[in-house]
Every structure is written in C-alpha cells, then in structure tokens.
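The residues making up each chain are set out below.
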Amino acid sequence: MKVAVYARVSTEQQASEGTSIDTQIEMCIHKAHALGLHQIEVYKENGASGEDIQRPEMDRLRQDVAAGKISHVICAHPDRLSRDLTDKLIVCREFERKNVELIFCDTEYRNTPEGQLFFNLQSAIAQYELSMIRKRTSRGRLKAVEKQNKIMPMRCAPFGYDLVDGKLVINEEEAKIVRKIYKWYVHDHLTLREIGNRLVQLGVMPKRKESKHWHQSSISRILTNQVYIGIYLYNRRKTKKLKGEKTKSGNPKKIYEYRDESEWVNAEVPAIIDKDLFELAQEQRRKNLTNTGNAKYNYLLKGIIRCGHCGRIWNGTTYTGRRNKQTGQREKYRCYRCPNKNPRKYGEGGQKCPAPTLRAESIEEYIWNLILQTVADRDTIVTQFEKSAESVNHQLKETMEVLKGKIKHKEKEREKVKIMFRREVISEEEMTRDLSVINKELKALRTEAEALQVQFSENVKNRHEEQVAQVMDYVEKLVHHEADLPFDKKRRIIQLLLDEIRLSFNEDQTQCEITCAGYLDTLIKHRNIDSSRQYQKI
Ligand SMILES: [Zn+2]
C-alpha cells in the first residue's frame, strides 16, 4: 500500500495562487514523514482546472484507490482536489469507502465556514449511505420472503413443520398432533394441563429434543400461533438496544418495538388448521382468561406457608368450583396450594406433591384466631419481645467474647514473632512475612468484631423498641375489639409475628399439623396453648 500525494495547479493561476506545485508536494511529503509514512507516490497535476474533476492524474489516483493500492491520500488543501464542493465530497467519499485516510496539510481549513460545511456534509453523507445499506439489506431479506416465501430468521420450525431450505414444510406426524390439540381444546374443552398430560401419555415430545417435557407455554403458543392457519408475519418487530443496561448474562438489554403494520410482510405457509377452528380456539382462550379472572385477591399468608411434604412455599391462588345448577355460574374460591401439586411441566421430572389444596378463608381464620388468643395482653407481648431480644443479645455477647479472645491471642503471637527476631531466631524476611500474615488475620477479626458491635446496638434499639411499639399499637386495637382490621394491617401483624407456617398432612389427608415459627410460636408456648396437636383438615 502506498501513500498518495496529490498536487494540482492551473496554468493561468500558477503564479497568482501563491503555492506552486512543488511547494505543495514538498508540504505533503513533509507531512507524510511527520506522520511516519513512507513509500510515497506523487500525483502531479500540471495546468488542470479545478472546476473539472476529469483530470489525468486525478483519474489515475481514483483508479489506484479503487484498486486498493492506496492507504493515505495527502493533499495541501481540499481545493486542490476540486473547486466544486460536490465534486470534493464525491471524491472524498470514494476514498473513504476504500478506507483511505485523507489528510490535508492545511489544518485551518476545518475552522473556515466552508470547511465546516464540507466536514458536516461529509459525515451526513456517510450516515446516509450507511442507512441506505441497512435498508437495502433488510429490504433484500424481505424480498426473499415475499418472492420465495423463504423464512430466514427462524432457528427452529414451529411444532408441526420442518424448516427445509428456508421454507416451512408440513411435518405430517406433528401436524396430526397440532390438529388433535386444537380439537381437544375447542371441542372437548380440555385445559392446557389436561392437554399436556395427554401429550405425555401419547409419548409425544416437543420440537426441541433437549426438552423432555411439555411446558404450558409451548401448548399455549401452539393454540395462538397464526402460522397454523398459513400466516407467518415477518418484519413485525424491531429490536432496540437499551443503552447502558445489561441482562444477567452481561449482554446488552434489548426491547422490542412493533413496526407500522404496513411494513409487515406475510410469508405464505401451508396451513394445518382451518380458520374457523383457529378462531374458535381464540374465543375459547379469551373465555378461559376472563374466567380465571385477572382479578387480584389478597392473601394474608402469602409467602409464609411452607409445604411440609416437599418444602416449597405455597401459592395463593383461586379455585373454580362446580357449576351451580340454578345460576349456571361457577363459583370461585380463594385458596392456597403447593406449587408442586400441579407442576406446569408435563412429563419427565414433574414430581407431584401430595399435599391438598386449602381454602384460604379457613386457614387464615385459624391463624388469625391463634393470634387473637395469644396476643390478648400487653404485658405478655412486651415480656416476650424483651426476652427474645435478650436472648439474641446474649448470643451476640458470647460471640463477642470469643472474638475478643481470638484477637488477644493473635496480638500475643505478633509479639512473639518480634521477640524471635530480636533474639535472632528468625531473619528479618521471615519476620516480615509472619507479621503480614498475622496482621491480615487481625484485621479480619477486628472487622468482624465491629460488625457484631453494630448488630448488637441495633438489636437493642430497633428490633426491640420499634417492633414492640408496632405490635402493641395494633394489639391494643384488637383487644378493644376493633373487629375489622384492613387487610394491610392484618398482613403487617402476621408478618411481624410469623416467619413461617409449616403444614404437614397425614396419609389420607384428613388431618393437618400446623407448626408456626416466629414470635407467635413463643407466645403460644407462653400462653400454654397447645398447638402441637393435630388439627382437623381445613
Ligand atoms: Zn408440596
């Protein structure tokens, strides 16, 4: 690759223009050397007008650039390339596109009005070209979809199809299953869960072979994807990177935005389901969605109930009862249920929990009554909180004593090392090494002790005073029979008093043992309420 030096002067103006062609060349070569560039090729244009871009040496330079022979073009002033702004821009773009670096000796040019216009236009044109290239490629892709029905952005064909040479082709085996799924859903009114179980019974595996079970969402996708009625819409969405935000895996976060509908492209795909059946499925889906209701319910024990059988935290959910024969309505109940009871994955690995579903009212009432029974008087609570805080403090103190002992021991060790050095038992190097180890350990111990001290004072202050005050405030009202506490206050009390409620059922699920962890447990014990007995099934 060579460095091109281009110089031009017109015959008539040679004298008046001041800078002779040799001076120009000299300036350029000097610039090249200053930049550490050698292997210079000079393009010397004698007596050619600046109005016309067609000049012998300019043509030669443009050819060499096009051939990829040139890495840099050095020129005294942009006017040497052309007097005409448009020509100047054209030539510069030509060079830039070949990754040629254009250098002008006259650095002041950038600061002149014309220079600013030139550079602004230059970058505007570069931007414009870039967007044209982008448009062209995405339009090219769209053309491929429009003309040949080639679906390119897909990695894995939807269930029921195979991706052959960029086109979706019906996979008859899978298409049969798709038709069955629609039939089950629309005519037999099966739920997604029931469909999933049937698929597993039939030994049908989802498309991606690595997954061994059907997920509710994949069945739902089959029931909503328009591809099954022969519509594949492409170019619907565009991605937008969110600046500065990253996903968990460290990639830039993206959001999707829908393009205008006019930009969508429909690729024709062979249909598996007829339109009427598809519409019925959508209707069924809408019904199901409104039936399960997006209505929000309040759950007093949300996140607090732990399954005694599989250890998971139960969900607050709803249960739809049988149809009332008179009204034809299905009643809904709030309830709590172990998430492992009906895992959303069907097939291998889906372990069902034997714990039954519980009606929310009954267990909430039970727990609330337990609270009412225990927190009936102020003194009990205050004493309990104090006792509890004391025992925590006691533990903290003990830990602190242990830490202090360790620190003392380390300090003694440090002294020993110094003595050993003084008595010349160990070298200076050995002493430094040993001391650095001991100092590190000491530092860690002291940090631990400081943290403990903070914990200690916080425990004395906050935990005790604030919590007692809060509970007392509520309890006072309770005692005075302020019967209907709003949900959030009840919830707050429960959160303060209960860390966890553990439910364990006997084998035939007729009895349930309820164990409470948290302050409530201490209170129960203090009041001699027997909570260890088995409770009737709720
Ligand atoms: Zn469970």
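Refer to the structure printed above.
What you are looking at is a predicted structure, and each value in this text was computed from that prediction instead of being measured. (Residues numbered from 1 in each chain as written. Predicted model: local features only at pLDDT ≥ 70, side-chain atom pairs only at ≥ 80, totals over all residues. Heavy atoms only, no water.)

Points about the overall build of the protein
The test is simple: Only DSSP runs of H or I with at least four residues qualify as helices, and only runs of E with at least two residues qualify as strands; both kinds are numbered from the N terminus onward. Residue contacts are counted whenever heavy atoms from the two residues lie within 4.5 Å of one another.
When you go through the protein residue by residue, the secondary structure sums to 14 helices and 19 strands. Sequence-distant contacts, at least 24 apart, represent 64% of the contacts inside the protein between residues at least 6 apart.

As for the coordination of the zinc ion
To be explicit about the condition: Each metal site is built from N, O and S donor atoms within 2.8 Å (3.2 Å for Na, K and Ca), and since water is not included, such sites may look incomplete. For four-coordinate sites, all angles between 85 and 135 degrees define a tetrahedron; for four- and six-coordinate sites, opposite donors beyond 155 degrees with the remaining angles between 65 and 115 define square planar and octahedral shapes respectively, and all other cases count as irregular. Each residue is assigned to one of three classes by its accessible area relative to the maximum for its type, calculated with a 1.4 Å probe on protein chains only: buried under 20%, partly exposed between the two thresholds, exposed over 50%.
For the zinc ion, the full set of protein donor atoms is Cys307 (SG), Cys310 (SG), Cys338 (SG) and Cys353 (SG), at a range of 2.2 to 2.3 Å. Relative to the metal, the four donor atoms surrounding the zinc ion lie at angles of 94 to 117 degrees, and the coordination shape comes out tetrahedral. Binding-site remark: the zinc ion is held by donors from one chain whose sequence spacing is C-x2-C-x27-C-x14-C. Of the two residues, cysteine 307 sits in strand β12 (residues 305–307) while cysteine 338 sits in the loop between β14 (330–337) and β15 (345–347), which places them 31 residues apart along the sequence. Taken individually, cysteine 307 and cysteine 338 each receive the classification buried, so the pair is uniform in this respect.

Some thoughts on a negative patch on the surface
Our working rule: Patch rule: a residue counts if its relative accessible area is over 30% and it has no salt bridge; like charges are joined within 9 Å, and nonpolar side chains (Val, Leu, Ile, Met, Phe, Trp, Tyr) within 5 Å. Here the Shrake-Rupley method, with its probe set to 1.4 Å, supplies the accessible areas, and only the displayed protein chains count as covering residues. The salt bridge definition used is simple: a Lys or Arg side-chain nitrogen within 4 Å of an Asp or Glu carboxyl oxygen. When charges are counted, neither His nor the chain ends are considered; positive counts come from Lys and Arg and negative counts from Asp and Glu. For charged residues, the charge sits on one atom: NZ in Lys, CZ in Arg, CG in Asp, CD in Glu.
A surface patch of like charges, here negative, comprises Asp274, Asp276, Glu279 and Glu283. Inspection of the secondary structure assignment puts glutamate 279 in helix α9 (residues 275–292). On the basis of relative accessible area, glutamate 279 is assigned to the partly exposed category, the value being 44%.

Some remarks on the sheet that holds strand β3 (residues 70–75)
For the record, the criterion: Between any two strands, at least two bridges found by DSSP are needed for them to pair. Orientation is described by lines fitted to C-alpha atoms, with helices fitted over the stretch in contact, and by angles between N-to-C directions that extend from 0 to 180 degrees.
Reading across the sheet, the four strands line up as β2-β1-β3-β4 and stay open at both edges, with parallel pairing between neighbours. Single-partner strands in this sheet number two, and they are β2 (40–46) and β4 (101–104). Here the average twist between neighbouring strands, direction ignored, is 20 degrees. Two elements, strand β1 (residues 2–9) and β2, share seven bridges in a ladder whose sense is parallel. Bridge pairing links valine 9 to asparagine 46 in β2. Its contacts with the sheet put helix α2 (residues 56–66) on β1, β2 and β3, and the angle it makes with β2 is roughly 150 degrees.

Section: the pattern of salt bridges
Counting across every chain of the model gives 19 salt bridges. Close ionic contact of arginine 60 with glutamate 41 constitutes a salt bridge, the shortest N to O distance being 3.0 Å. One end of the pair, arginine 60, is in helix α2; the other, glutamate 41, is in strand β2, and 19 residues separate them in sequence. In this structure arginine 60 comes out as partly exposed when scored by relative accessible area, which is 28%. The residue arginine 93 makes a salt bridge to glutamate 96 at a minimum N-O spacing of 2.5 Å. Pair noted here: arginine 93 and glutamate 96 are both in helix α4 (residues 85–97), with a separation of three residues, about one helical turn.

Let's talk about unusual backbone geometry
Leaving glycine aside, a negative phi is the common case for residues, and trans is the common case for peptide bonds. We note that glutamine 39 has phi near 55 degrees; this positive angle belongs to a residue other than glycine. Within the secondary structure, glutamine 39 sits in the loop between α1 (21–34) and β2. Phi at asparagine 99 takes a positive value of approximately 60 degrees, unusual for a residue other than glycine. The class of asparagine 99 is exposed, set by a relative accessible area of 70%.

Things to note about the packing of aromatic side chains
Which entries qualify depends on this criterion: Planes of paired rings set the category: under 30 degrees apart is stacked, over 60 is edge-to-face and the rest tilted, where pairs are Phe, Tyr or Trp rings (Trp by its six-membered ring) whose centres lie within 6.5 Å.
Enumeration according to the criterion identifies six aromatic pairs in this entry. Aromatic pair tyrosine 182 and phenylalanine 278: ring centres 6.3 Å apart, planes at 35 degrees, arrangement tilted. Pair noted here: tyrosine 182 is in helix α6 (residues 172–186) and phenylalanine 278 is in helix α9, with a separation of 96 residues, a long-range link. Since its relative accessible area comes to 0%, tyrosine 182 is described here as buried. Between the aromatic rings of tryptophan 314 and phenylalanine 505, the centroid separation amounts to 6.4 Å while the plane-to-plane angle is 5 degrees, which identifies the pairing as stacked.

Some points on the pairing of strand β11 (residues 265–268)
Consecutive side chains of a regular strand alternate in pointing toward one face of the sheet and then the other. Only one face of β11 is buried: it carries Val265 and Ala267, and the other face, with Asn266 and Glu268, is open. Sheet topology places strand β8 (residues 231–234) next to β11; four bridges connect them, and they run antiparallel. Residue pairing in the sheet places tyrosine 232 in a bridge with alanine 267 of β11.

What to know about the environment of tyrosine 6
Keep this limit in mind: A 3.5 Å cut-off defines polar contacts: any pair of N or O atoms within that distance qualifies, except that in protein one atom must be a possible hydrogen donor and the other a possible acceptor, and neighbouring residues in sequence count only when both atoms are side-chain atoms.
As for its position among the elements, tyrosine 6 is in strand β1. According to the relative accessible area criterion, tyrosine 6 is buried, its value standing at 0%. For tyrosine 6, the residues in contact, after removing those within four places along its chain, are Tyr43, Glu45, Arg55, Glu57, Met58, Leu61, Ile74, Cys75, Ala76, Arg80 and Leu81. Polar contacts involving the side chain of tyrosine 6 include one to the side chain of arginine 55, which spans 2.7 Å.

Focus: a positive patch on the surface
On the surface, Lys404, Lys408, Lys412 and Lys416 cluster together to form a positively charged patch. Here lysine 416 is to be found in helix α11 (residues 378–422). Look at lysine 416 and you get exposed, because its relative accessible area is 54%.

Considerations on the packing of α6 against helix α8 (residues 216–224)
Under the convention used in this document: Angle categories: roughly parallel below 35 degrees, roughly antiparallel above 145, roughly perpendicular from 65 to 115, and oblique for all the rest. Each residue is assigned to one of three groups, with Ala, Val, Leu, Ile, Met, Phe, Trp, Tyr, Cys and Pro labelled nonpolar, Asp, Glu, Lys and Arg labelled charged, and all others, Gly among them, labelled polar.
At a closest axis distance of 10 Å, the pairing of α6 and α8 adopts a crossing angle of 90 degrees. Between α6 and α8, the interaxial angle falls into the category roughly perpendicular. On the side of α6, the interface is formed by Val178, Ile181, Tyr182 and Tyr185, while α8 contributes Ile219, Ile222, Leu223 and Thr224. Looking at side-chain class alone, the contact of α6 with α8 contains seven nonpolar, one polar and no charged residues.

Some remarks on the sheet that holds strand β13 (residues 315–323)
Strand order in the open sheet made by the three strands is β13-β14-β16, with antiparallel pairing throughout. Both outer strands of the open sheet, β13 and β16 (358–359), are each paired with one neighbouring strand and no more. For β13 and β14, the ladder comprises seven bridges, and the chain directions are antiparallel. Of the residues in β14, the one forming a bridge with tyrosine 319 is tyrosine 333.

Geometric values such as these leave the question of function open.
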